[in-house]
Amino acid sequence: MTTDWTPRVLVTGAAQGIGRAIAELFASRGARTLLLDLNLPAPLEKALCLQGDVTSAADIGRAVQTAGEQWGGLDVLVNNAAYQGASGSLMDVPDDGWQRALDVNLTAPLRLSRACVPLMPPGSAVVNVASVQGLFAEQNNVAYTSSKAGLINLTRSMCLDLAPRGIRVNAVAPGAIATEDLLKSVGESSNPEQTRRDYEDLHALRRLGTPQEVAELVSFLASPAAAFITGVTVPIDGGMTASFMMAGRPV
Ligand SMILES: NC(=O)c1ccc[n+]([C@@H]2O[C@H](COP(=O)([O-])OP(=O)(O)OC[C@H]3O[C@@H](n4cnc5c(N)ncnc54)[C@H](O)[C@@H]3O)[C@@H](O)[C@H]2O)c1
């Protein structure tokens, strides 16, 4: 991020994990940042924190109104919030889990982006947080993988629809990232060391990514340094998707 670029930024799902790291990075570089999450995000310097659900029209309205009233516009929208709770295969995923995954991971980015666009001047950017699981399928995870694949093509559609307004739209596709929740689930497995190694071995670099590494990529894609990049999904996966053999293994 250039030092003279101090954007007005809205990050969803910013109470923890990757979203928190994205908000912290922007805030640390002087951006005005609005954090929206189901759980009220902890205070952050020069940031506004809102509790709300990205699937709620009222909560979307409140976030957009706040950005408009406080800042008079918005330069960056990061659609990061996701529902990851609907595991299951084609044959057994519950209808409500499938629907919630689509609502949070695909429909909410569309609706929030649509609501934010009138506030976004030419030169603004949207970054959608997808997943390697949107680039490839995974057994017993039909809802999440389908929603993330949808988000990747929504990114392309939004790129085409918003290019005439001078707004760029890109996505990132992280591999396994060492968030609090991922490390907690590794710690709670029957053999934490082996489970962690299994995750690490999915990546050519043989390690987990960090939330800060994803935040750096999101910040770059949102910034004027990426002014000619739009409509792409950038894997940030330590080489996981470089090999069809790794991509075929369960994440
Ligand atoms: N952690 C990983 O390994 C990984 C890998 C690939 C992609 N991702 C993607 O990165 C993004 C962040 O993941 P994470 O691992 O940091 O997740 P996380 O579960 O640690 O944090 C997600 C945050 O989103 C919030 N949230 C969930 N539903 C919401 C809603 N309806 N409205 C508002 N806020 C909501 C949660 O309260 C939480 O604070 C997600 O889009 C996820 O799919 C994560």
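Please read these numbers as outputs of a predicted model, since none were measured by experiment.

Caption draft 1: Here's a closer look at helix 1 (residues 17–28). When the terminal C-alpha atoms of helix 1 are compared, their 16 Å separation across 12 residues agrees well with the 16 Å that a helix rising 1.5 Å per residue should span. Burial analysis of helix 1 places 10 of its 12 residues in the buried class, the great majority of the element. Looking only at helix 1, the buried set comprises Gly17, Ile18, Gly19, Arg20, Ala21, Ile22, Ala23, Glu24, Leu25 and Phe26.

Caption draft 2: Geometry of the site of the ligand. In the vicinity of the ligand, 27 residues are found, and the nearest of them are Gly13, Gly17, Ala81, Ala82 and Ser131. At the level of secondary structure, the elements contributing two or more residues to the shell around the ligand comprise helix 1 and helix 6 (180–187). By residue number, the principal contributor to the shell around the ligand is helix 1, which donates 3 residues. A class-by-class count of the residues in the shell around the ligand yields 13 nonpolar, 11 polar and 3 charged.

Caption draft 3: A look at unusual backbone geometry. The backbone of Asn140 shows a phi angle near 60°, a positive value even though the residue is not glycine. Structurally, Asn140 is set in the loop between helix 4 (132–135) and helix 5 (142–162). Even without glycine at this site, Arg206 takes up a positive phi of about 55°. Judged by C-beta crowding, with 11 C-beta atoms within 10 Å, Arg206 ranks as exposed.

Caption draft 4: Here's a closer look at the sheet that holds strand 7 (residues 233–236). Taking strand neighbours across the sheet as the criterion, the 7 strands line up as 3-2-1-4-5-6-7 in an open arrangement whose pairing is parallel. Each edge of the open sheet is held by one strand with a lone partner, namely strand 3 (47–51) and strand 7. On average, adjacent strands in this sheet sit at an angle of 15° to one another, irrespective of strand direction. Pairing analysis gives 4 bridges linking strand 4 (residues 76–79) to strand 5 (residues 125–129), with the strands arranged parallel. If you follow Leu77 over to strand 5, its bridge partner there is Val126.

Caption draft 5: Looking closely at the environment of Lys184. If you trace the backbone, Lys184 turns up in helix 6. Once the C-alpha coordinates of Lys184 and Val232 are considered, the two residues, 48 residues apart in sequence, prove to be 32 Å apart.

Caption draft 6: The pairing of strand 1 (residues 8–12), seen in detail. Of all the 5 residues making up strand 1, 5 are buried; the element is thus mostly covered by neighbouring parts of the structure. Residue alternation in strand 1 divides its side chains into two sets, Arg8, Leu10 and Thr12 and Val9 and Val11, and both sets are buried. Summarising the sheet, strand 1 and strand 2 (residues 32–37) pair through 5 bridges and their orientation is parallel. From the neighbouring strand, Val9 faces strand 2, where its bridge partner is Thr33.

Caption draft 7: Inspection of the nonpolar core at higher detail. One finds Leu10, Ile22, Val78, Val127, Val172 and Val218 to be the most contacted residues of the largest nonpolar core, which totals 67 residues. Considering each element in turn, this core owes the most residues, 7 residues, to helix 5. Residues in contact with Leu10, not counting those within four places in the same chain, are Leu34, Leu36, Ala63, Ala67, Leu74, Leu77, Val78 and Cys116.

Caption draft 8: A look at the environment of Asp95. Following the sequence through the fold, Asp95 ends up in helix 3 (residues 95–116). Among the residues examined, Asp95 registers 9 C-beta atoms within 10 Å and is labelled exposed. On a C-alpha basis, the gap between Asp95 and Ala143 in space is 9.5 Å, while along the polypeptide they are 48 residues apart.

Caption draft 9: How the structure looks around the environment of Gln133. Along the chain, Gln133 turns up in helix 4. Residues Gln133 and Phe244, spaced 111 residues apart in sequence, show a C-alpha to C-alpha distance of 13 Å.

Caption draft 10: Just the packing of helix 1 against helix 8 (residues 211–222), in detail. Look at helix 1 against helix 8: their axes get within 8 Å of each other, and the N-to-C directions meet at 55°. Accordingly, the angle class assigned to the pair helix 1 and helix 8 is oblique. Seen along the crossing, helix 1 lies across helix 8 with a hand that is right-handed. On helix 8, the residues touching Gly17, Ile18, Ala21, Ile22, Leu25 and Phe26 of helix 1 are Pro211, Gln212, Val214, Ala215, Glu216, Val218 and Ser219. In terms of residue class, the contact of helix 1 with helix 8 is built from 9 nonpolar, 3 polar and 1 charged.

Caption draft 11: Up close: helix 3. A rise of 1.5 Å per residue sets the reference length of helix 3, with its 22 residues, at 32 Å; its end C-alpha atoms lie 30 Å apart and thus fit the reference within 8%. The largest bend along helix 3 measures about 45° and falls at Thr107, with the proline Pro109 one to four residues further on. Tucked into the core, helix 3 has its buried residues touching strand 1, helix 2 (57–71), strand 4, strand 5 and helix 5.

So, how was this worked out
- Residues numbered from 1 in each chain as written.
- Predicted model: local features only at pLDDT ≥ 70, side-chain atom pairs only at ≥ 80, totals over all residues.
- Helix = DSSP H or I, 4+ residues; strand = E, 2+ residues; numbered from the N terminus.
- Expected span 1.5 Å × (residues − 1).
- Buried ≥ 20, exposed ≤ 12 C-beta atoms within 10 Å, placed from the backbone.
- Near = placed C-beta within 6 Å.
- Nonpolar A, V, L, I, M, F, W, Y, C, P; charged D, E, K, R; others polar.
- Pairing = 2+ DSSP bridges.
- Axes fitted to C-alpha atoms, helices over the stretch in contact; angles between N-to-C directions.
- Core = buried A, V, L, I, M, F, W, Y, C linked by C-beta atoms within 7 Å.
- Contact = placed C-beta atoms within 7 Å.
- Parallel < 35°, antiparallel > 145°, perpendicular 65-115°, else oblique.
- Left-handed = near helix turned anticlockwise from the far one by under 90°.
- Bend = angle between axes of the 7 residues up to and from the residue.

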